[in-house]
Amino acid sequence: MYLGIDISKDSLDCHKVCEDKNISKQFKNDSQGIKALVGWSVDCKQVVMEATGVYWQACAFAIHEAGIAVSVVNPAQVKRFGQSKLIRGKTDKMDAKLIAEFARTMEGLLNSVYSTYLVVYHQTSERTSSKPFSNF
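Here is what the cut-offs are and how they apply
Residues numbered from 1 in each chain as written. Predicted model: local features only at pLDDT ≥ 70, side-chain atom pairs only at ≥ 80, totals over all residues. Heavy atoms only, no water. Helix = DSSP H or I, 4+ residues; strand = E, 2+ residues; numbered from the N terminus. Buried < 20%, exposed > 50% of the residue type's maximum accessible area, 1.4 Å probe, protein only. Contact = heavy atoms within 4.5 Å. Areas by Shrake-Rupley, 256 points an atom, 1.4 Å probe, with all protein chains shown as cover. pLDDT = per-residue confidence, 0-100. Axes fitted to C-alpha atoms, helices over the stretch in contact; angles between N-to-C directions. Parallel < 35°, antiparallel > 145°, perpendicular 65-115°, else oblique. Nonpolar A, V, L, I, M, F, W, Y, C, P; charged D, E, K, R; others polar. Salt bridge = Lys/Arg side-chain N within 4 Å of Asp/Glu carboxyl O. Core = buried A, V, L, I, M, F, W, Y, C linked by side-chain atoms within 4.5 Å. Arc of directions from axis to C-beta. Pairing = 2+ DSSP bridges.

## Examining the overall build of the chain
Alright, step 1. A count of helices and strands for the chain gives five helices and five strands.
Alright, step 2. Listing every helix and strand of the chain by position from the N terminus yields β-β-β-α-β-α-β-α-α-α.
Alright, step 3. Classification of the 136 residues of the chain by burial places 43% in the buried group.
Alright, step 4. Taking all contacts inside the chain whose residues are at least 6 apart in sequence as the whole, residues at least 24 apart take part in 57%.
Alright, step 5. For the chain, the exposed area adds up to about 7700 Å²; of that, 50% sits on carbon and sulfur atoms.

## A few points about the confidence of the model for the chain
Alright, step 1. Residues with a pLDDT of 70 or more make up 79% of the chain, whose mean pLDDT is 84.
Alright, step 2. Mean pLDDT values for the elements of the chain range from 55 in helix α5 (residues 113-128) up to 97 in helix α1 (residues 31-40).

## As for helix α2 (residues 57-65)
Alright, step 1. In terms of residue burial, α2 counts as a mostly covered element, since seven of its nine residues are buried.
Alright, step 2. Three or more residues of α2 are buried, namely Gln 57, Ala 58, Cys 59, Ala 60, Phe 61, Ala 62 and Ile 63.
Alright, step 3. Phi turns positive one or two residues past the end of α2, at Gly 67, with a value near 85°.

## As for the packing of helix α3 (residues 75-84) against helix α4 (residues 92-105)
Alright, step 1. Viewed as axis vectors pointing N to C, α3 and α4 meet at an angle of 90°, and their least axial separation amounts to 10 Å. Taken together, the axes of α3 and α4 lie roughly perpendicular to each other. Taken together, the residues of α4 that come into contact with α3 (itself represented by Gln 77, Val 78, Phe 81 and Gly 82) are Leu 98, Ile 99, Glu 101, Phe 102 and Thr 105.
Alright, step 2. Its residues placed into classes, the contact of α3 with α4 shows five nonpolar, three polar and one charged.

## Describing the pattern of salt bridges
Alright, step 1. Going through the model one piece at a time under the given rule, you end up with three salt bridges.
Alright, step 2. The residue Glu 101 makes a salt bridge to Arg 104 at a minimum N-O spacing of 2.9 Å. Of this pair, Glu 101 and Arg 104 both sit in helix α4, three residues apart, which is roughly one turn of the helix.
Alright, step 3. A residue is classified by how much of its surface remains accessible, and Glu 101, at 14% relative accessible area, is buried.

## A word on the nonpolar core
Alright, step 1. If you look at the biggest cluster of nonpolar residues, it comprises 22 residues, and the most contacted ones within it are Ile 5, Leu 12, Leu 37, Val 47, Met 49 and Ile 63.
Alright, step 2. Among the elements of the structure, β1 (2-7), β2 (11-17), α1, β4 (46-50), α2 and β5 (70-73) are those that each provide at least two residues to this core.
Alright, step 3. Here this core takes five residues from α2, the largest share from any one element.
Alright, step 4. Setting aside chain neighbours within four positions, we find Val 47 in contact with Leu 3, Ile 5, Ser 41, Ile 63, Ile 68, Ala 69, Val 70 and Ser 71.

## Section: α1
Alright, step 1. Residues Gly 33, Ile 34, Leu 37, Val 38 and Trp 40 constitute the buried set of α1. Buried positions in α1, seen along its axis, are confined to an arc of 160° and lie on one side of it. In this structure, α1 carries Gln 32 and Lys 35 as exposed residues pointing more than 90 degrees from its buried face.
Alright, step 2. Where α1 is buried, its residues touch β1, β2, β3 (22-28) and α2.

## Here's the deal with the sheet that holds β4
Alright, step 1. Judged by pairing direction, the sheet is mixed, and its five strands sit side by side in the order β3-β2-β1-β4-β5 without closing on themselves. The outermost strands of the open sheet, each flanked by one partner alone, are β3 and β5. Strand after strand, the sheet turns through a mean of 20° between neighbouring axes, direction not considered.
Alright, step 2. Here β1 pairs with β4 via four bridges, running parallel. Its bridge partner being in β4, Leu 3 is matched across the sheet by Val 47.
Alright, step 3. On the sheet, α1 packs against β1, β2 and β3 and is oriented at approximately 160° with respect to β3.

Printed below as a string of C-alpha cells:
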C-alpha cells in the first residue's frame, strides 16, 4: 500500500493506493491531524510527499518516528510524472493521488535520504530553539 500526501499550510490531503481500492482522506496540518494521519498510515509500505516550504517537516518527522518509510521528493519530479501520464487537472486531492501513483511506480527507486536529514534537523532544532516543530 502506498500513500501520497499533498501538503499545504492548513491541510494534508492523502491518498492510499491499494491493490484492489483507492482511499482518499484529509487531515488538518496540526499536531492532532498529524497524529491521526500517522495512525491511518501504519499499514503503508511507503509514504511519499513533496518538499513544500516548511509545512512537510513535522509530518515527515512524525511518520519517520513511527517507523514508516517516508520519502520527501522534489515537486518537479511529481509534476513531470503527471505530465508523462497526460494528467491535466490540479486539485489537492488529485495531487495526492498522483503522488501515491508516483510512489507505486517508483518503488525501489525511492530512498529515505531525508530520514537522516530529519533526524539531524530535529537534533539541531532542539539545540537552537525551545520549540522544535512548534506545529507538531
